[in-house]
Amino acid sequence: MAASLGRLCVTGMRGLLWSRTPVSALPPGVRSLCSPPEEFDLVSRYKEHPWEYLSSEEYLERYGERAVWADYRRNHKGPIPPQKTRKTCIRGGNVCGNPCPICRDQNLGVDYRNVKLLQQFISPHTGAVYDPTRTGVCMKQHKRLVKAIADAEDNGLLPVFIKHKDITFGDYSRDHGAVAQTPPAPAGPWYSWYEWQEPPAHEVAKLQKLYRPYWKQMRGEQ
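Residues numbered from 1 in each chain as written. Predicted model: local features only at pLDDT ≥ 70, side-chain atom pairs only at ≥ 80, totals over all residues. Heavy atoms only, no water.

In the annotation of an unreviewed UniProt entry, the entry for the protein chain reads Small ribosomal subunit protein mS40, and the organism field reads Engystomops pustulosus. Per UniProt, the protein chain carries the Subcellular location (unreviewed entry) text "Mitochondrion". Regarding the protein chain, the UniProt comment filed under Sequence similarities (unreviewed entry) reads as follows: "Belongs to the bacterial ribosomal protein bS18 family. Mitochondrion-specific ribosomal protein mS40 subfamily." (UniProt positions renumbered as here; feature names shortened; annotations may be inferred.)

**Quick look at the overall build of the protein chain**
Looking only at helices and strands, one finds seven helices and two strands in the protein chain. Starting at the N terminus, the α and β elements of the protein chain follow one another as α-α-α-β-β-α-α-α-α. Restricting the contact set of the protein chain to residue pairs at least 6 apart, pairs at least 24 apart contribute 63%. Carbon and sulfur atoms make up 56% of the accessible area of the protein chain, which amounts to about 17,900 Å² in all. (Helix = DSSP H or I, 4+ residues; strand = E, 2+ residues; numbered from the N terminus. Contact = heavy atoms within 4.5 Å. Areas by Shrake-Rupley, 256 points an atom, 1.4 Å probe, with all protein chains shown as cover.)

**Some details on helix α7 (residues 201-219)**
Of all the bends in α7, the greatest, near 50°, is centred on Tyr 211, and the proline Pro 213 appears no more than four residues after it. Just downstream of α7 lies Gly 220, where phi reads positive at about 85°. (Bend = angle between axes of the 7 residues up to and from the residue.)

**Some thoughts on the side chain of Gln 141**
Structurally, the position occupied by Gln 141 is in helix α6 (residues 139-154). Beyond its immediate stretch of four places on either side in the chain, Gln 141 contacts Cys 100, Ile 102, Cys 103 and Val 110.

**Examining the pattern of salt bridges**
Under the definition given, this model contains four salt bridges. Put simply, Asp 71 and Arg 66 hold a salt bridge, and the shortest N to O gap is 2.8 Å. Taking the shortest distance from any N to any O, the salt bridge between Asp 111 and Arg 113 comes out at 3.0 Å. For Arg 113, a relative accessible area of 40% corresponds to the partly exposed category. (Salt bridge = Lys/Arg side-chain N within 4 Å of Asp/Glu carboxyl O. Buried < 20%, exposed > 50% of the residue type's maximum accessible area, 1.4 Å probe, protein only.)

**Brief notes about the packing of aromatic side chains**
In the structure shown here, the tally under the stated rule is seven aromatic pairs. Seen from their ring centres, Tyr 46 and Tyr 53 are 5.3 Å apart, and the 50° between their planes marks the pair as tilted. Like Tyr 46, the residue Tyr 53 is buried in the burial classification. Between Tyr 191 and Trp 193 the ring centres are 5.4 Å apart and the planes differ by 25°, which places this aromatic pair in the stacked class. No difference in accessibility class separates Tyr 191 from Trp 193, as the two residues are exposed. Taken together, the ring pairs in this structure connect Tyr 46, Tyr 53, Tyr 59 and Tyr 63 into an aromatic cluster. One Lys or Arg, Arg 134, reaches over the ring of Tyr 130 and ends 4.3 Å from the middle of that ring. (Phe/Tyr/Trp six-rings, centres within 6.5 Å; stacked < 30°, edge-to-face > 60°. Lys NZ or Arg CZ within 6 Å of the ring centre and 35° of its normal.)

Here is the structure:
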């Protein structure tokens, strides 16, 4: 049955190409098999307020209490998954096969005010952003997530995790072997090749004449 439907679909497509028969003229069963796939919806009705989508019944029915990337698995050849995610999933309106968790659902708007979505990509223990190889998002969406998380932290919508640093006073002790006292200044010149030479008298007189008005001004003389 499946083989016959496949041959019928191929025949219908050939007839459509050669005779330019409209798809509406084909039988309903063949029309559903041979019609081109629907275009990917690039516009979301939650575009202005993307955080409302995470509270809708549509989101709960699709994801439930799980993260949006929890059940995502990228298609790849061989048993070893790729070490890097793709650069982008949508190029010129064309969507690649098995797009990333953000690109496959256009209602998931990456915005610094969409705190519930951003929290799914942050480790609750360290506050670090999950690596894209773990979440499966493409690099374009990962960069948008990193920027949105930084903006949310700057606006006080997300807590900022500060790493604790134990200060050991031994690191600042002067008892370390590499720390030594500064040697006293030598009695003579710092450099053996340097010797003091008296400047010429006419050069000193020229400089005194040049700076005499400034000396009077500093001393308050008229």
